[in-house]
Amino acid sequence: MLWVSLILLSSFNYYVVDSEPNVPIVITTWGFSNATVKAWEVLKEGGTALDAVEQGASVCEVQQCDGTVGYGGSPDENGETTLDALIMDGRTMNVGAVAALRRIKSAISVARHVLEHTKHSFLAGELATQFAVQMGFREESLTTAHSKQLWLKWHNENHCQPNFWMGVKPDPTKQCGPYHEIKKSSFRDTQPEVHMIVDRYNHDTIGMVAVDSNGDVAAGTSTNGAKYKIPGRVGDSPIPGAGAYADNEVGGAAATGDGDIMLRFLPSFLAVEEMRRGASPTDAAQTAVKRIAARYPDFMGAVIALTKTGQYGAACHGIPTFPFVVQDKTRNMFEVITIKC
Ligand SMILES: *[C@@H]1O[C@H](CO)[C@@H](O)[C@H](O)[C@H]1NC(C)=O
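From a predicted model like this one, the values you see are computed outputs, not experimental measurements.

Enquirer: What's the story with the UniProt feature "binding site: substrate" (unreviewed entry) in the chain in this structure? I'm lost.
Expert: UniProt marks R233, V234, G235, D236, T256, G257, D258 and G259 with the feature "binding site: substrate" (unreviewed entry), using the numbering shown here. By the secondary structure assignment, G235 is in the loop between strand 8 (217-223) and strand 9 (244-247). Its location among the elements puts D258 in the loop between strand 10 (251-257) and helix 8 (259-262).

In structure tokens:
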């Protein structure tokens with residue numbers, strides 16, 4: 001009898017040591033450590049992954065992380081800052097998203113309200129603002145002295161360079177708009193390939209993936225989009241499967257970078273599907289990035305991936321290195337992990 005229970009005990013121990021999931025855990029794109037710290041505070045107190053992602057990303061919206069998240073950054077061609085955000089619940093596969101949100105600072109919280117207080121998934125533009133106001137959010141200008149300065153320099157000193165127009169007149173590589181269409185046959189031969197100017201301060205997005213102590217997965221993003229974008233432009237960040245994706249059966253992923261290109265490949269969805277069929281998070285992220293690079297060798301971007309059991313990884317392309325932040329219970333504080341691209 002004693003012999004039997006010893007065997008059971010040791011096999012049980014073996015099971016626990018080998019398979020105990022490393023949760024809760026949160027991973028975040030770039031060096032956005034303050035957001036990660038906030039998300040971890042939520043998770044370690046037993047909070048939900050959804051709350052962790054919302055509250056974590058909200059820190060970046062308030063702190064204007066890198067000038068690429070939140071108010072007062074990335075003015076569009078009219079000088080206005082608009083926000084895109086997504087939150088996805090891997091438990092229910094429910095999504096809340098907003099795009100081109102005007103005059104409301106807390107984009108990911110508005111997205112959370114879309115998730116929880118509507119049967120829709122995605123609201124856009126001025127009408128998303130009306131929804132937010134109904135939900136009690138305060139309407140205020142997202143323009144700051146800094147964003148106004150950026151826009152004035154772009155418009156007055158740099159003659160609206162860079163911009164995102166092609167096949168229009170006057171020549172968008174030299175002059176400001178308004179632009180008019182050139183008939184296709186004549187511009188095909190003459191227009192150069194568009195090269196986006198994407199770097200740390202013009203990519204970007206906070207993307208965050210978390211698993212809570214319950215094993216529930218959530219992912220989200222928040223961004224003010226591309227600098228000097230054409231008003232109305234929406235990038236990858238708020239698009240489910242592009243900017244982020246979460247599925248309790250597998251894990252989650254988030255992407256950052258050249259959003260106009262990345263959203264065509266649904267890299268976060270692809271990374272999750274790769275993990276579903278057994279790929280490690282690093283390999284899954286690599287596959288998603290390589291799928292894009294095969295068609296757009298000059299694109300710049302990165303994907304982070306996390307399994308429901310707390311394994312994580314990342315891959316990047318078009319920049320020398322890419323940092324992401326991890327916090328779990330094996331660490332006393334967050335860790336910034338930098339990978340080579
Ligand atoms: C974190 O927040 C503090 C202020 O609370 C700020 O001084 C610091 O620069 C932030 N760190 C990062 C990496 O943004």
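Enquirer: Is there a simple way to think about the sheet that holds strand 12 (residues 312-317) in this case?
Expert: Backbone-to-backbone hydrogen bonds pair the strands of a sheet. The strands run either parallel or antiparallel. Ordered by their spatial adjacency, four strands build an open sheet running 9-10-11-12, and the pairing between neighbours is antiparallel. A strand with exactly one partner marks an edge of an open sheet, and here the two such strands are strand 9 and strand 12. Going from strand to strand, the sheet's axes swing by 10° on average, the running direction of each strand aside. Here strand 9 pairs with strand 10 via four bridges, running antiparallel.

Enquirer: What exactly am I supposed to notice about the packing of aromatic side chains here?
Expert: Across all of its chains, the model carries seven aromatic pairs by this definition. Taking the centre distance of 6.0 Å and the plane angle of 85° together, the rings of F265 and Y296 count as edge-to-face. Here the residue F265 occupies a position in the loop between helix 8 and helix 9 (267-276), and Y296 occupies one in the loop between helix 10 (281-293) and strand 11 (301-307), the gap between them amounting to 31 residues. With a centroid separation of 6.4 Å and 15° between ring planes, the pair formed by F322 and F324 is classed as stacked. Joined through ring pairs, the aromatic side chains of W30, Y312, F322 and F324 make up one cluster. We note K105 situated over the ring of Y71; from NZ or CZ to the ring centre the distance is 4.0 Å.

Enquirer: What am I meant to see in the site of the ligand here?
Expert: Taken together, G31, S33, N34 and Q63 make up the full set of residues near the ligand. Within the side chain of N34, a nitrogen or oxygen atom sits 2.2 Å from an oxygen atom of the ligand. Note that an oxygen atom of the ligand is positioned 3.1 Å from one of the side-chain N or O atoms of Q63. Here the ligand has 360 Å² of accessible area as a free molecule, and 31% of this is covered by the chains.

Enquirer: Explanation requested: the nonpolar core in the structure shown.
Expert: Note on soluble globular proteins: their nonpolar side chains tend to be buried together. Ranked by size, the top nonpolar core spans 88 residues in total, and within it V98 and F322 carry the most contacts. Examining the composition of this core, we find that seven residues originate from one element, helix 3 (residues 49-63), more than from any other. Ignoring any residue separated from it by four or fewer positions in sequence, one finds F322 in contact with T29, W30, T256, A302, I304, A314, C316, I337, T338, I339 and C341. Among the nonpolar cores identified, the runner-up in size contains six residues, and W154, V168, Y179 and Y228 belong to it.

Enquirer: Looking at this structure, how should I read unusual backbone geometry?
Expert: Trans is the prevailing form of peptide bonds, just as negative phi is the prevailing case for residues other than glycine. The residue after Q161, namely P162, is reached through a cis peptide bond having omega -10°. Positionally, P162 belongs in the loop between helix 6 (145-157) and strand 5 (168-169). Here K169 and P170 are connected by a cis peptide whose omega angle stands at -5°. Mapped onto the elements, P170 comes out in the loop between strand 5 and strand 6 (180-181). Unlike most non-glycine residues, C160 shows phi in positive territory, near 65°. Mapped onto the secondary structure, C160 falls in the loop between helix 6 and strand 5.

The rules behind each value
Residues numbered from 1 in each chain as written. Predicted model: local features only at pLDDT ≥ 70, side-chain atom pairs only at ≥ 80, totals over all residues. Heavy atoms only, no water. UniProt positions renumbered as here; feature names shortened; annotations may be inferred. Helix = DSSP H or I, 4+ residues; strand = E, 2+ residues; numbered from the N terminus. Pairing = 2+ DSSP bridges. Axes fitted to C-alpha atoms, helices over the stretch in contact; angles between N-to-C directions. Phe/Tyr/Trp six-rings, centres within 6.5 Å; stacked < 30°, edge-to-face > 60°. Lys NZ or Arg CZ within 6 Å of the ring centre and 35° of its normal. Near = heavy atom within 4 Å. Polar contact = N/O pair within 3.5 Å; in protein donor to acceptor, adjacent residues only side chain to side chain. Areas by Shrake-Rupley, 256 points an atom, 1.4 Å probe, with all protein chains shown as cover. Core = buried A, V, L, I, M, F, W, Y, C linked by side-chain atoms within 4.5 Å. Buried < 20%, exposed > 50% of the residue type's maximum accessible area, 1.4 Å probe, protein only. Contact = heavy atoms within 4.5 Å.

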